[in-house]
Amino acid sequence: MPADLSSLYLTNYRHPGTQPFGNIMLLSREEAFRVAAELAAAHPDTTAFYRFADFENYYPRRKASEEALRGRFIQLGGRPELPHPYSFVLMENDYLRGWFGHGPGQRILLSSLPDDQISLTRGDSVSSFGRDGQHQVLTKQTLLDEIAAFDGTLEQYLAHVESTWHYIEAQVWSETALRNAVAV
């Protein structure tokens, strides 16, 4: 494992033609349903938007999941400024890149985010809820400790995680932190 983990970054993928750093849950309910319908209609074959085609069922599930995630993060010492986070993946991930039609990704340095404004989950935060009745929420420090303790390289650690969870999702809970983050 590299002694210096300061080169770790997060990537926010987006479908070509869409804006970076979005979370539909930060919109009003009415606006979220309107945008979901537009995106599902405009991109019927895009994996990233398939859930939006059944937004009536997806919306309450995602809302409840993100509220539970936020609550668990607060229990771990987080101080989220937003009710719903912006989602990223740790480093790069071909699985997610494909989900977003191989569109562009915005990268930011993990170390540039305040510890109390970022949580992480193994795999999709909405899907990971309920495996044992709780989100498997990590703090930034817990992740860094886990990576440092792993017997292998960073690439081997990520491959190990990907073999079960596909990726590590990061949730950024502050627009200010996101604006101040260092781009990579």
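Residues numbered from 1 in each chain as written. Predicted model: local features only at pLDDT ≥ 70, side-chain atom pairs only at ≥ 80, totals over all residues. Heavy atoms only, no water.

Visitor: Help me understand the sheet that holds strand β6 (residues 168–172) in this model?
Guide: Hydrogen bonds along the backbone pair up the strands of a sheet, which may run parallel or antiparallel. Pairing is antiparallel in the open sheet, where 6 strands are placed in the order β3-β1-β2-β6-β4-β5. Here the strands that pair on one side only, and so sit at the sheet edges, are β3 (105–109) and β5 (137–139). The sheet shows a mean angle of 35° between the axes of neighbouring strands, taken without regard to direction. Bridge count between strand β1 (residues 9–13) and β3: 5 bridges; the pairing is antiparallel. Bridging from a neighbouring strand, Leu 10 pairs with Ile 108 of β3. Of the strands in this sheet, β4 (118–122), β5 and β6 touch helix α2 (residues 55–75), which is tilted by about 115° from β4. (Pairing = 2+ DSSP bridges. Helix = DSSP H or I, 4+ residues; strand = E, 2+ residues; numbered from the N terminus. Axes fitted to C-alpha atoms, helices over the stretch in contact; angles between N-to-C directions. Contact = heavy atoms within 4.5 Å.)

Visitor: Help me understand the pattern of salt bridges, please; the structure alone is not making it clear to me.
Guide: Should their charged atoms come close, side chains of opposite charge can pair. Considering all chains together, one arrives at 8 salt bridges under this definition. Between Arg 79 and Asp 116 there is a salt bridge, and its shortest N-O distance comes to 3.9 Å. With Arg 79 in the loop between α2 and β2 (86–90) and Asp 116 in the loop between β3 and β4, this residue pair connects regions lying 37 residues apart in the sequence. Put simply, Asp 115 and Lys 140 hold a salt bridge, and the shortest N to O gap is 3.0 Å. Of this pair, Asp 115 sits in the loop between β3 and β4 while Lys 140 is found in helix α5 (residues 140–149), placing the two residues 25 residues apart along the sequence. Salt bridges sharing partners connect three or more residues here, namely Glu 31, Arg 34 and Glu 38. (Salt bridge = Lys/Arg side-chain N within 4 Å of Asp/Glu carboxyl O.)

Visitor: Before we go on, may I ask you to explain unusual backbone geometry in this structure?
Guide: Generally, phi is negative for residues other than glycine and the peptide bonds are trans, each holding for most cases. Here the phi dihedral of Met 91 falls at roughly 65°; this positive angle occurs in a residue that is not glycine. Mapped onto the elements of the fold, Met 91 is located in the loop between β2 and α3 (94–99). Relative accessible area serves as the criterion here: at 13%, Met 91 is assigned to the buried category. Non-glycine residue His 166 carries a positive phi angle of around 75°. Considering the arrangement of structural elements, one finds His 166 in the loop between α6 (154–165) and β6. (Buried < 20%, exposed > 50% of the residue type's maximum accessible area, 1.4 Å probe, protein only.)

In short, geometric facts, not functional conclusions.
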